[in-house]
Amino acid sequence: MTSSKGLEGIVATQSAISSIIDDTLTYVGYDIDDLAYNASFEEVVYLLWHKKLPNKEELTQLKKQLADNMSLPQEVLNHFKTYPINEVHPMAALRTAVSLLGLYDKDAEVMSDESNYEKAISLQAKIATLVTAFARIRKGQEPVAPKSELGYAENFLYMLSGKLPEAIEIEAFDKALVLHADHELNASTFTARVCVATLSDMYSGVTAAIGALKGPLHGGANEQVMKMLMEIGSEDKAEAYILEKLANKEKIMGFGHRVYRLGDPRAKHLRDMSKQLTTLSGEEKWYNISLKVEEVFTAEKNLPPNVDFYSASVYHSLGIDHDLFTPIFAVSRISGWIAHILEQYENNRLIRPRAEYNGPGMQKYIPIEER
Ligand SMILES: CC(=O)SCCNC(=O)CCNC(=O)[C@H](O)C(C)(C)COP(=O)(O)OP(=O)(O)OC[C@H]1O[C@@H](n2cnc3c(N)ncnc32)[C@H](O)[C@@H]1OP(=O)(O)O
Ligand SMILES: O=C([O-])CC(=O)C(=O)O
């Protein structure tokens, strides 16, 4: 038996959802650049779930299904109010709330294709409401009900702030959702697949995936990037800050990737958006600090930024609380998790790798009095 630390380089499944070949990312064969410039998030959700782009009628139907399913069971909203609200990270709240949603779905355990598709719509719709409702409740504000005539990105921003967002904000947020939707066999998607390969239900798979996304080596990095930018504070302090971190052998969040070698193709879109949005908000300093960090870090380490690096200043410019950055990643990535869960169910086999044992050799049991 051979082992690979972190399963590096191991091909663990076949999938027709997204691919990364020679640093090019595609969803169902469509280049991420093409989708970032042209597709809405709902089109991408449809693409990932159906393996084809929707026509107008199919897209209208999906948008309606999502809008119709956004409302939460009152019990889930009440549950939020019982949390130690100021101590709870929104990712922990989200992980618990998705699991709780499963308790209020009488068909949670039903495994038919039809039931799983209904759960897919319901989860994709409700995750936006969960994140925004929690964000408001913890500030003592009432949750804002979704508006059925709004698109997914617009509804999210509306439910978060209670104000209809500007066109530029909707466009940027929608693009960020497109860019985060799927990414081959990343850690959270693999977690979801491992979970449902036991024939467990979709709520369990998504709950497990949220737990994996939460960590700072994966989706949690975007919040840590903003923390770093705030600690740096100004462009002229960036170089010394990064060099000190590297001298202390600390990792710089938002850089490096297990698969990409030359660079993450999503990062350039987020860099452009960061420039545009920080200029508009009058806070160019977040973009300038980010650029300087990139310059200093890549000169030292030759590791390019990943999707999490410039998304931090993008979300900050949209006025979003920093601890909501990773939940927002989940709002997008749940579309990919669901696509992979459905694909796993379609052609399932239990996922159960082996471990190379490196503990002590055979030992004889010693009675407790003799130890
Ligand atoms: C959506 C996403 O999940 S994208 C990734 C988000 N995560 C981050 O941004 C966290 C920072 N980045 C990292 O920790 C890593 O680059 C990962 C986890 C993303 C990829 O990790 P791996 O492929 O396993 O690389 P690993 O962590 O083993 O690092 C390999 C070498 O590069 C260095 N390295 C990798 N990333 C970084 C970084 N961000 N800062 C400093 N050094 C780094 C490591 O210290 C290590 O150096 P060494 O060989 O001298 O010990
Ligand atoms: O693929 C990975 O390992 C991490 C990543 O970039 C993502 O999940 O978007």
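Residues numbered from 1 in each chain as written. Chains lettered and ligands numbered in written order. Predicted model: local features only at pLDDT ≥ 70, side-chain atom pairs only at ≥ 80, totals over all residues. Heavy atoms only, no water.

Chemist: What exactly am I supposed to notice about the domain arrangement of the chain here?
Modeler: How big an interface is tends to be reported as the loss of accessible area on association of its parts. Each assigned domain of the chain is listed with its residue range as follows: domain 1 (16-165 + 181-215 + 323-346) and domain 2 (221-317). Just the C-alpha atoms count here: the centres of domain 1 and domain 2 sit 26 Å apart. Contact residues are listed per partner, giving 16 residues for domain 1 and 19 residues for domain 2. Summed over the shared surface of domain 1 and domain 2, the result is one salt bridge. Ionic pairing is found between Lys 268 and Asp 33, a salt bridge with its closest N-O pair at 3.0 Å. Where domain 1 touches domain 2, the interface holds 10 residue pairs in polar contact (both at pLDDT 80 or more). Listing elements by their share of the side of domain 1 that touches domain 2, those giving two or more residues are helix H1 (32-38) and helix H16 (325-346). Tallied by class, residues from the side of domain 1 that touches domain 2 come to eight nonpolar, four polar and four charged. (Domains from an automatic or database assignment. Contact = heavy atoms within 4.5 Å. Salt bridge = Lys/Arg side-chain N within 4 Å of Asp/Glu carboxyl O. Polar contact = N/O pair within 3.5 Å; in protein donor to acceptor, adjacent residues only side chain to side chain. Helix = DSSP H or I, 4+ residues; strand = E, 2+ residues; numbered from the N terminus. Nonpolar A, V, L, I, M, F, W, Y, C, P; charged D, E, K, R; others polar.)

Chemist: What should I look at first to understand the environment of Leu 318 in this one?
Modeler: Among the secondary structure elements, Leu 318 is positioned in the loop between helix H15 (307-317) and H16. Taking the relative accessible area as the measure of exposure, Leu 318 reaches 14% and is therefore buried. With 153 residues separating them along the chain, Leu 318 and Pro 165 place their C-alpha atoms 9.5 Å apart. The contact partners of Leu 318, leaving out residues within four places of it in the chain, are Glu 169, Phe 173 and Leu 277. (Buried < 20%, exposed > 50% of the residue type's maximum accessible area, 1.4 Å probe, protein only.)

Chemist: I would appreciate a short explanation of the site of ligand 2 in the present structure.
Modeler: In the vicinity of ligand 2, the contacting residues are His 183, Asn 186, His 218, His 257, Arg 266, Phe 329 and Arg 333. In the environment of ligand 2, an oxygen atom lies 2.7 Å from a nitrogen or oxygen atom belonging to the side chain of His 257. In this structure, an oxygen atom belonging to ligand 2 sits 2.7 Å away from a side-chain N or O atom of Arg 266. Protein chains shield 84% of the accessible area of ligand 2, which is 260 Å² for the free molecule. Among the cavities detected, the one that contains ligand 2 is the largest pocket. Its residues assigned to classes, the shell around ligand 2 shows one nonpolar, four polar and two charged. (Near = heavy atom within 4 Å. Areas by Shrake-Rupley, 256 points an atom, 1.4 Å probe, with all protein chains shown as cover. 1 Å grid on protein atoms, 1.4 Å probe; cavity = no way out; pocket = protein on both sides within 12 Å on 5 of 7 lines; lining within 4 Å. Sits in = over half its atoms within 2 Å of the grid points.)

Chemist: Teacher, can you tell me more about the site of ligand 1 here?
Modeler: Contacts to ligand 1 come from 19 residues, most closely from His 218, Lys 251, Ile 252, Gly 254 and Phe 255. One of the backbone nitrogen or oxygen atoms of Gly 254 is found 2.8 Å away from an oxygen atom of ligand 1. Asn 306 places a polar side-chain atom, nitrogen or oxygen, 3.0 Å from an oxygen atom of ligand 1. When ligand 1 is considered free in solution it has 900 Å² of accessible area, and contact with the protein chains removes 66% of it.

Chemist: Hey, could you run me through the layout of surface pockets in this one?
Modeler: Unoccupied space between atoms shows up once a probe the size of one water molecule is rolled over them. In this structure, the largest pocket encloses a volume near 1500 Å³. The wall of the largest pocket is formed by 45 residues, among which Ala 187, Leu 217, His 257, Arg 258 and Val 259 lie closest to the centre. Within the residue set of the lining of the largest pocket, elements represented by two or more residues are strand E1 (18-21), helix H9 (187-196), helix H14 (284-301), H15 and H16. Of all the elements, H16 adds the most residues to the lining of the largest pocket, at three residues. Residue contributions to the lining of the largest pocket reach at least three from each of two domains, namely domain 1 (16-165 + 181-215 + 323-346) and domain 2 (221-317). (Points joined across faces, edges and corners; volume = space filled by probe spheres on them.)

Chemist: For this particular structure, what's the right way to read unusual backbone geometry?
Modeler: Note on backbone geometry: most residues besides glycine have negative phi, and most peptide bonds are trans. In this structure, Asp 22 is a non-glycine residue whose phi angle is positive, near 50 degrees. With respect to the helices and strands, the residue Asp 22 is situated in the loop between E1 and strand E2 (24-27). Backbone geometry at Glu 184 places phi at a positive 50 degrees, although glycine is not the residue there. Inspection of the secondary structure puts Glu 184 in the loop between helix H8 (167-180) and H9.

Chemist: Would you mind going over the pattern of salt bridges with me for this structure?
Modeler: When charged atoms on two side chains of opposite charge get close, those side chains can pair. Following the criterion strictly, the structure yields 15 salt bridges and no others. The shortest N-O distance in the salt bridge between Asp 323 and Arg 138 comes to 2.7 Å. Here Arg 138 lies in the loop between helix H6 (113-137) and helix H7 (152-161) and Asp 323 lies in the loop between H15 and H16, a separation of 185 residues in the sequence. On the basis of relative accessible area, Arg 138 is assigned to the buried category, the value being 16%. Where Glu 343 meets Arg 193, a salt bridge forms, and the shortest distance between an N and an O atom there is 2.7 Å. Taken together, the residues span a long stretch of sequence, with Glu 343 in helix H16 and Arg 193 in helix H9 at a distance of 150 residues. The same class applies to Glu 343 and to Arg 193, which are both buried. One salt-bridge network, in which partners are shared between bridges, spans Arg 138, Lys 139, Asp 321 and Asp 323.

Chemist: I would appreciate a short explanation of the packing of aromatic side chains in the present structure.
Modeler: Any pair of aromatic rings gets described here by the distance separating the centres and the angle formed by the planes. Taken as a whole, this structure holds 12 aromatic pairs when the rule is applied. Aromatic side chains Phe 156 and Phe 173 sit 5.0 Å apart centroid to centroid with 20 degrees between the ring planes, which places their arrangement in the stacked category. With a gap of 17 residues between them, Phe 156 in helix H7 and Phe 173 in helix H8 connect regions that are remote in the sequence. Among the residues examined, Phe 156 registers a relative accessible area of 0% and is labelled buried. Where Phe 255 meets Phe 309, the ring centres are 4.5 Å apart and the plane angle is 50 degrees; that geometry is what we call tilted. With Phe 255 in the loop between helix H12 (238-247) and helix H13 (267-281) and Phe 309 in helix H15, the pair connects residues that are 54 residues apart, well separated along the chain. Residue classification places Phe 309 among the buried positions, given a relative accessible area of 0%. Connected via pairs of aromatic rings, a cluster forms that spans Phe 255, Tyr 287, Phe 297, Phe 309 and Tyr 310. (Phe/Tyr/Trp six-rings, centres within 6.5 Å; stacked < 30°, edge-to-face > 60°.)

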